Each structure stands twice: as structure tokens, then as C-alpha cells.
Amino acid sequence: MTVDQAIEAAACPDALRPALQGCLSGDLPAASALVQLLIRAESGQALTTLLDTLDAAIAADEIAARRRLQALRRMNAEHPTAWATVHAVLHEVRHDAAAQDEAQAVQAFAQAFDRAAAVSPEASVALHSFGDPGRLALATAEVVRRMAEWGLLGHDRTVLDLGCGIGRFAAAIAGRVRRVVGLDISARMVAEAQRRCAGLANVEIHRTSGRDLAGIGSAAIDTILAVDSFPYLVLAGPALVRRHVEEAARVLKPDGHLLILNHSYRGDEAADRRELQALAADCGFRLRQAGSRPFALWDGLAFHLVRSR
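These numbers were taken from a predicted model, which means no experiment stands behind them. (Residues numbered from 1 in each chain as written. Predicted model: local features only at pLDDT ≥ 70, side-chain atom pairs only at ≥ 80, totals over all residues. Heavy atoms only, no water.)

Q: When you look at the overall build of the protein chain in this model, what are you seeing that I'm missing?
A: Secondary structure assignment for the protein chain yields 14 helices and 7 strands. Its C-alpha atoms give the protein chain a radius of gyration of 20 Å, within 12% of the compact-globule value 19 Å for 309 residues. Seen along its three principal axes, the alpha-carbon backbone of the protein chain occupies a region of about 60 × 40 × 35 Å. Per-residue burial over the protein chain gives 51% buried out of 309 residues. A sequence separation of at least 24 residues applies to 67% of the contacts in the protein chain between residues at least 6 apart. About 13200 Å² of surface is accessible on the protein chain, with carbon and sulfur atoms providing 50% of the total. (Helix = DSSP H or I, 4+ residues; strand = E, 2+ residues; numbered from the N terminus. Rg over C-alpha atoms; globule rule 2.2 N^0.38 Å. Buried < 20%, exposed > 50% of the residue type's maximum accessible area, 1.4 Å probe, protein only. Contact = heavy atoms within 4.5 Å. Areas by Shrake-Rupley, 256 points an atom, 1.4 Å probe, with all protein chains shown as cover.)

Structure follows, in C-alpha cells:
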């Protein structure tokens, strides 16, 4: 029985099929697939039952697919509270909410992330961690390795972590750079980041308005890292997105880097690429990466912009 036939035989709900097919084909990392399945499954037990049924249905000679399914089942079994955690975070932070206006959007997201951080600090910044600090650390380390490979870190560099959340990246890169400045709109996130980075002399964490990069000097930054922060700017409106790209151009040194990991959650990669290509051209950037998928543990899209001289 082929993989598609097995999915059919397992009576897989239509909403869960794309994530399963993506995972079993190797196109989607197991953690990202599991997040999508958890979001759409009726319950954690229903998902476990489906994965068990699918395991019995896939032919023994579908070796690669069976190996990926085993990884998915193992990850699901290792995180028995994942369904409840993911749904609790998403109850607080809506990814499909359209704001009435920019100011209300920023305030609403700040309050939402305050609540989400209280549910699970780790899951509030990365659903694919399932609230597991170990999984979050692995995914964070992978991003940091890529940043180093791309020349975005160095002991002479100042990095701005835009939407720093609980400070996971600030802490992870502190030993690789001269200085890290973390900004976030959530008071609870900022407090958590400050606690986690308290022993790091070259890290400073501040609460920001979410409207601009006021307080950051012009041409003062070598690298801006924005992990899962631009999607909320997109939800708040195109004017806020443009202002942040313009502000990034202001605070970056010539040939400085803006690394955006996920531009939106709208599920339209082509639209994300078009939007950032246009913004890069308008705001004085060269687009080095336009929606690549460079990570094995996470399916984040990378947009790497370089400030023109």
C-alpha cells in the first residue's frame, strides 16, 4: 500500500492530510508537521490514534516514509501535553486576527504575548518546541549555526534581536558577538528575557513600542534578527511593515544584515517574496535570500536583506 493509499485507509481527516503528506515525503520537518497536526486535530488522543493506524497501514517496503512516521510518532509520544499546550497558546495569540488599526494591533499583541508567556514561555515563542526547553534549545542552536555560516555573527558585531521574546537568541549568541540588544513589546516577555540573560554583561533587553526602532542610533547595528516577529507586523498593516524595514535601513551600518525568519503566516510564499523584494528595493537593501528553507528542525522561511552602501 502506498503512502497516499495508507493515509486514505487510515481515514485521515482532510485537514490533516497536507501535513502528513509533507512529513512522510520529507518536505516538512517532523516538528513542523506535528505542530500543524496538533493545531488541526480534534484532540491529542485522536492524533495518536491516527498515527498508530497509519503505522499499521503503510507497507513495509516504504522504508523512508516509515522512518519519518516513526520519528513523528516518537515526537508525539514524548510530548503528551503538546496538543493542550499548542491550543492554549493559540487561544491567546491569534494568527488570523485582523487589527482595527495599528495602535490597537500592537497593544493587543503585547497583551496576548503576556498571556501566552504565562501559559508556556517556550511554546509562546515557538510552537514547534511544544513547550519543551530542550527542543527549543536545539532549534535555536540550528538558527545560530546558520547565522554564523552566513557571516552574521562575530566578536566585533552588534546584533539587534527584534521581537526577542524570552531572550533565547540573545542568550545563545551573546558569546559570539560584541553586544546584543533585544526588543519586545510584551512586558512579560521582556521580564523573562532579562531574567534569562541576567548574567550576560553584553546583553541588554528593552521593551519597545512596536511602532519603530526609536532609541537605536543610526548606523549602530551590524545585524538585525527578526524571528517570527514580522508576521505580527503584517497582521497590523503594511504601513507598520514598511516603517520597520525603513527603520532597519536607518539603524544598520552599510552592508549590515536584516534576517527575517518568516515574513507572514498567510501561507502565500509568493506574496511574501514579492512584498519583500519590493520593500528591499524601496528601502535600500539587496535581497540575498528570498524565502529559502535552510533549517532541518523547523520550516521557517529565511529572507536575508543586506543594507546597500
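Q: Would you take a moment to explain the environment of Gln 289 for this structure?
A: Along the chain, the position of Gln 289 falls in strand β6 (residues 285-292). Counting along the chain gives 14 residues from Gln 289 to Phe 303, while the straight-line C-alpha distance between them is 5.0 Å. Look past the residues within four positions of Gln 289 in its chain and what remains in contact with it is Trp 150, Ala 302, Phe 303 and His 304. At a separation of 2.3 Å, a polar atom in the side chain of Gln 289 contacts the side chain of Ser 292. (Polar contact = N/O pair within 3.5 Å; in protein donor to acceptor, adjacent residues only side chain to side chain.)

Q: Would you explain unusual backbone geometry in this entry?
A: Negative phi characterises most residues that are not glycine, and trans characterises most peptide bonds. A positive phi angle, close to 55°, is found at Ala 11, a residue other than glycine. At Asp 255, a position not held by glycine, the phi torsion is positive, near 70°. Mapped onto the elements, Asp 255 comes out in strand β5 (residues 252-261). For Asp 255, a relative accessible area of 27% translates into the label partly exposed.

Q: What's the story with the sheet that holds β5 in this structure? I'm lost.
A: Strand pairing in a sheet is mediated by backbone hydrogen bonds. Such pairs are either parallel or antiparallel. The mixed open sheet is built from 7 strands, whose spatial order is β3-β2-β1-β4-β5-β7-β6. The open sheet terminates on both sides in strands that have one partner only, identified here as β3 (203-207) and β6. Neighbour to neighbour, the strand axes of the sheet diverge by 15° on average, direction disregarded. The sheet contact formed by β6 and strand β7 (residues 302-307) spans 6 bridges and is antiparallel. (Pairing = 2+ DSSP bridges. Axes fitted to C-alpha atoms, helices over the stretch in contact; angles between N-to-C directions.)

Q: When you look at the packing of aromatic side chains in this model, what are you seeing that I'm missing?
A: When we look at a pair of aromatic rings, we describe it by the centre distance and by the angle of the planes. Applying the stated criterion across every chain yields a total of 4 aromatic pairs. Where Phe 109 meets Tyr 232, the ring centres are 5.0 Å apart and the plane angle is 70°; that geometry is what we call edge-to-face. You can see Phe 109 sitting in helix α7 (residues 102-119) and its partner Tyr 232 sitting in helix α12 (residues 230-236), a full 123 residues away along the chain. By relative accessible area, which is 10% here, Phe 109 ends up buried. (Phe/Tyr/Trp six-rings, centres within 6.5 Å; stacked < 30°, edge-to-face > 60°.)

Q: Honestly, helix α3 (residues 30-40) in this entry has me stumped. Any pointers?
A: Within α3, 8 of the 11 residues are buried, which leaves the element mostly enclosed by the surrounding structure. Within α3, the full set of buried residues consists of Ala 30, Ala 31, Ser 32, Ala 33, Leu 34, Val 35, Leu 37 and Leu 38. Where α3 is buried, its residues meet α2 (17-25), α4 (44-57), α5 (63-78), α6 (82-92) and α9 (133-149).

Q: Mind showing me how you'd approach the pattern of salt bridges here?
A: Side chains that differ in sign of charge can pair as their charged atoms come close. Under the defined criterion, the tally for this structure stands at 24 salt bridges. Across the pair Glu 102 and Arg 211 runs a salt bridge, and its minimum N-O distance is 2.7 Å. Of the two residues, Glu 102 is situated in helix α7 and Arg 211 in the loop between β3 and β4 (221-227); the sequence distance between them amounts to 109 residues. You can call Arg 211 partly exposed: its relative accessible area is 32%. Put simply, Arg 146 and Glu 149 hold a salt bridge, and the shortest N to O gap is 3.4 Å. Placement of both Arg 146 and Glu 149 in helix α9 is noted, with a separation of 3 residues, approximately one turn of the helix. In the salt-bridge network here, residues are joined through shared partners; they are Asp 52, Asp 55, Arg 66 and Arg 73. (Salt bridge = Lys/Arg side-chain N within 4 Å of Asp/Glu carboxyl O.)

Q: I would appreciate a short explanation of the pairing of β3 in the present structure.
A: Two faces, one strand: in a regular strand the side chains alternate between the faces of the sheet. Here strand β2 (residues 177-184) runs beside β3; their pairing, made up of 5 bridges, is parallel. Looking across to β3, one finds that Gly 182 is bridged to Ile 205. Viewed along the sheet, the connection from β2 through helix α11 (residues 187-196) into β3 turns out right-handed. (Right-handed = clockwise from strand over helix to strand, strands pointing away.)

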